[in-house]
Protein chains: 2
Amino acid sequence: MESRFARRMDGLRASEIRELLKVTERPEVISLAGGLPAAELFPVEELKAVALRVLEEHGRSAMQYSTTEGHLPLRAWIARRMTERLGATTNVDDVLITSGSQQAIDLTGKLFLDEGDVVLCESPTYLGALNAFRAYQPRFMEVPTDDEGMIVSELERRLADVRRVKLVYVVPDFQNPTGRTWSLERRRRFMEVVRRHGVTVVEDCPYSEVRFEGMPIPPLKSMDAAGQVVFLGTFSKVFCPGFRIGWAAASRPLVEKYVLAKQGSDLHTSTISQMEIATYLSMFDIDANLRRIREVYRARRDAMIRALEQELPASARFTRPQGGLFLWVELPPNVNARELLQRCLERGVVFVPGGSFFPDGGHENTIRLNYSNMPEERIAEGMRRLGAAVREMLAQSSAGARRAV
Amino acid sequence: MESRFARRMDGLRASEIRELLKVTERPEVISLAGGLPAAELFPVEELKAVALRVLEEHGRSAMQYSTTEGHLPLRAWIARRMTERLGATTNVDDVLITSGSQQAIDLTGKLFLDEGDVVLCESPTYLGALNAFRAYQPRFMEVPTDDEGMIVSELERRLADVRRVKLVYVVPDFQNPTGRTWSLERRRRFMEVVRRHGVTVVEDCPYSEVRFEGMPIPPLKSMDAAGQVVFLGTFSKVFCPGFRIGWAAASRPLVEKYVLAKQGSDLHTSTISQMEIATYLSMFDIDANLRRIREVYRARRDAMIRALEQELPASARFTRPQGGLFLWVELPPNVNARELLQRCLERGVVFVPGGSFFPDGGHENTIRLNYSNMPEERIAEGMRRLGAAVREMLAQSSAGARRAV
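This structure is a prediction, so every number in the text was calculated from the model and none was measured.

(A) Main features of the pattern of salt bridges. Residues and elements named next belong to chain A. Considering all chains together, one arrives at 70 salt bridges over all chains under this definition. Here Glu40 ties to Arg300 by a salt bridge, and the two come within 2.5 Å at their closest N and O atoms. Taken as a pair, Glu40 in the loop between strand E1 (30–31) and helix H2 (44–57) and Arg300 in helix H10 (residues 286–311) lie far apart in primary sequence, 260 residues in all. For Arg300, a relative accessible area of 6% gives the class buried. Close ionic contact of Glu309 with Arg320 constitutes a salt bridge, the shortest N to O distance being 3.0 Å. Residue Glu309 is found in helix H10, and its partner Arg320 is found in the loop between strand E11 (317–318) and strand E12 (326–330); the two are separated by eleven residues along the sequence.

(B) Examining the pairing of strand E4 (residues 139–143) of chain B more closely. All names here are of chain B. The buried fraction of E4 is high, at four of five residues. As paired elements, strand E3 (residues 118–122) and E4 share five bridges and run parallel to each other. The residue bridging Cys121 from the neighbouring strand is Glu142, located in E4. Following the chain from E3 across helix H5 (residues 127–134) to the adjacent parallel E4, one finds a crossover that is right-handed.

(C) Inspection of the relation of the copies chain B and chain A at higher detail. Overlaying chain B with chain A gives an RMSD of 0.0 Å, the required rotation being 180° about an axis along which the chain moves by 0.0 Å. The superposition of one copy onto the other is thereby described by a two-fold rotation axis. Across chain B, the smallest distance between a C-alpha and the rotation axis is recorded for Ala51 of chain B, namely 3.3 Å. Taken together, the interface assignments show that 100% of the residues at the interface of chain B recur at the interface of chain A, consistent with an identical surface on both copies.

(D) Representation of the packing of aromatic side chains within the structure. Throughout the structure, instances matching the rule amount to 24 aromatic pairs over all chains. Joined through ring pairs, the aromatic side chains of Phe239, Phe243, Tyr280 and Phe284 of chain A make up one cluster. Sitting over the face of the ring of Phe5 of chain B, Lys257 of chain A holds its NZ or CZ atom 5.1 Å from the ring centroid.

(E) Looking closely at the sheet that holds E11 of chain A. All names here are of chain A. Taken in spatial order, the four strands line up as E11-E12-E15-E14 in an open sheet, and their pairing is antiparallel. Edge strands, defined here as strands with exactly one partner in the open sheet, are E11 and strand E14 (352–353). Pairing between E11 and E12: two bridges, direction antiparallel. Opposite Phe318, over in E12, you have Val329 as the bridge partner. Against the sheet, H10 makes contact with E11, E12 and strand E15 (366–370), and its axis sits at roughly 10° relative to E12, the strand it touches most.

(F) Geometry of the interface of chain B and chain A. On the chain A side, the residues contacting the 85 residues of chain B number 85 residues. Summing the contributions of chain B and of chain A, the shared interface buries around 7200 Å²; its carbon and sulfur component is 59%. Here Asp106 of chain B makes a salt bridge to Lys110 of chain A, at a shortest N to O gap of 2.8 Å. At the boundary of chain B and chain A, one finds 30 residue pairs in polar contact (both at pLDDT 80 or more). Elements represented by at least two residues in the side of chain B that touches chain A include exactly helix H1 (16–23), helix H2 (44–57), helix H4 (100–112), H5, strand E7 (165–170), helix H8 (252–266) and helix H9 (271–283) of chain B. Grouping the amino acids of the side of chain B that touches chain A by side-chain chemistry returns 37 nonpolar, 27 polar and 21 charged.

Calculation criteria
- Residues numbered from 1 in each chain as written.
- Chains lettered and ligands numbered in written order.
- Predicted model: local features only at pLDDT ≥ 70, side-chain atom pairs only at ≥ 80, totals over all residues.
- Heavy atoms only, no water.
- Salt bridge = Lys/Arg side-chain N within 4 Å of Asp/Glu carboxyl O.
- Helix = DSSP H or I, 4+ residues; strand = E, 2+ residues; numbered from the N terminus.
- Buried < 20%, exposed > 50% of the residue type's maximum accessible area, 1.4 Å probe, protein only.
- Pairing = 2+ DSSP bridges.
- Right-handed = clockwise from strand over helix to strand, strands pointing away.
- Least-squares fit on C-alpha atoms with pLDDT ≥ 70 in both.
- Contact = heavy atoms within 4.5 Å.
- Phe/Tyr/Trp six-rings, centres within 6.5 Å; stacked < 30°, edge-to-face > 60°.
- Lys NZ or Arg CZ within 6 Å of the ring centre and 35° of its normal.
- Axes fitted to C-alpha atoms, helices over the stretch in contact; angles between N-to-C directions.
- Buried area = accessible area lost by both parts, 1.4 Å probe.
- Polar contact = N/O pair within 3.5 Å; in protein donor to acceptor, adjacent residues only side chain to side chain.
- Nonpolar A, V, L, I, M, F, W, Y, C, P; charged D, E, K, R; others polar.

Structural data, given as structure tokens:
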């Protein structure tokens, strides 16, 4: 039978990253493609103690249905952490637990977007957000972005000129895909502009606590006097992603709307997983865990930067992130990253071509590299293979150019 | 700041059931409102062994991101179970793991429904499905239903006359809210009609394995030669709901579309929860667990029926389900169930007024009773309180009628 799908399905396509993950399950492949945290740092032994404690203490209620809002002690921990660590005053009622922060993005689309509404985003931006929002058929509009963040005059121009802007979606800390972090000054000016225009801001912060260099910069949420910022957080990068536990923090009336949307989407997030994270947080020191993560990721970023400096041609540029999981490379304009990926697959190294992160397309000479999930020597080897493939393409391209002359 | 929400949010309202669950957390309240399984039957001790085994065997990969499709051994178990137990031949590739079957309903809406498309459903139908679908702004059309299932001539008339019918949503086994089960003959005739019209059928089967009386009747999926039935299953009623693990089983091309939609919604369902259920299924005998569930639920249904026969006026009618969690009562036409609920709240017993289960409204003299989550003596006591409240309303109503005369 031929199924008739909704029109929104025309715009949905398989995520290149997810499809690549299938290839990268082969152990011989050096994958710099996914966004996987370093699994060797997951606290497996601690989790055994946690799992037993949860079943001892909560028993049957850990296995039962629970409220859509989420497990109260976990929401309370998040509210405290956001208030004390990030300077964003948050009450327990302002927090909704979600099935990963990906679900929080999906619920945001469900809550706000009618077909044809406009979402402003950084250029480039997180591909998973584009995919989540696409189900609600908005138009995306890229706002030019530099090393300090979204360019505020460009944002202001669009807010003034474009009708139906519903959301501004941003990742200010160690952005996926570029690894860039917004400066404090840029955040302040951004908030002045959005305050004047009264538009809802989605501040997606999966990496904020994974800073291994420099001083933390307060989130937009901490500068939000009007209740217009929705902050998205997750335990995926500071604990582990397999539990799928994230959250949205917003003004209480907004959280009530999210709760309504989540009821229809999946009733609530896993009771036992929420209790396990809350129990882990009470039994163990997540900051000690974070220190290990930061140390390892810094060493891996360093290994990647050292190798890139040796392997890439002088005309290539790349970011030097102070945290997070990703680094962004601009190759010479005549190197097509999708073609490069094909060559790299043969050499056993994979990455994500950068073009997918631009809703308007283009930028086919960019790539996103992940450094969190491979040991330093594998990163160095991966960069050697990548460098060889780039040199090969450049040589053929200049040979082709000579022939053409 | 005043937020501008999407138009779909106009139609979403808080589920009465979910709001009631908050009241029912008070231990003195006899709750026949929720759809909670009997928590005392959850295999807590077994789960301790399972949790340790998963962390021993899978360790870090249990805590890592995983594929959208789901954990392969769990999908394989489901495919075998559906093939061997339900007679619905299913391959592992036909199964997508979802975050509860509620998410499978939501994804179905996302996949199929444009604004104004029509969803045909039983009258009454599952409230959670209405809430999930409402986010995609369809029109619902009730199809009259009797004790044997959807009335096929009424279905056929609508399929012939109504444009833009995209889905037929049904719960053929021990339906929520009525407890009714479709006869085999009705299923066959239903399948003939939908085959002729080539419409997609969503067969929601959360309760099918919780049959405590009579012979199992094959699911619609087992009669589906054209690949037009999407079967939704869940571990919530046969194991426990706190894990939020369900599935959709459909033709492979359809599953691929579901995978796309799920990627945007939450990337994937909890890795560790999927592994825990798969490990439970390999270490323990779920059928022994099911036998305990069936025995207890039968005794509770019996207790409820005995009490209803004593407590309700002769003009009331109720169903006698052969499985599942719910029983349906039609009170005398002059008893308004929402008003009755207010009186019952004062007496410490709660249920769900039936009107919410009809998309077109009306039927305000009906109620849904859950018998799975209270011991027999509490059920009997709850029915006594309910009966007293009904008699009180009837007495006042006839006194009012006398005054009016």
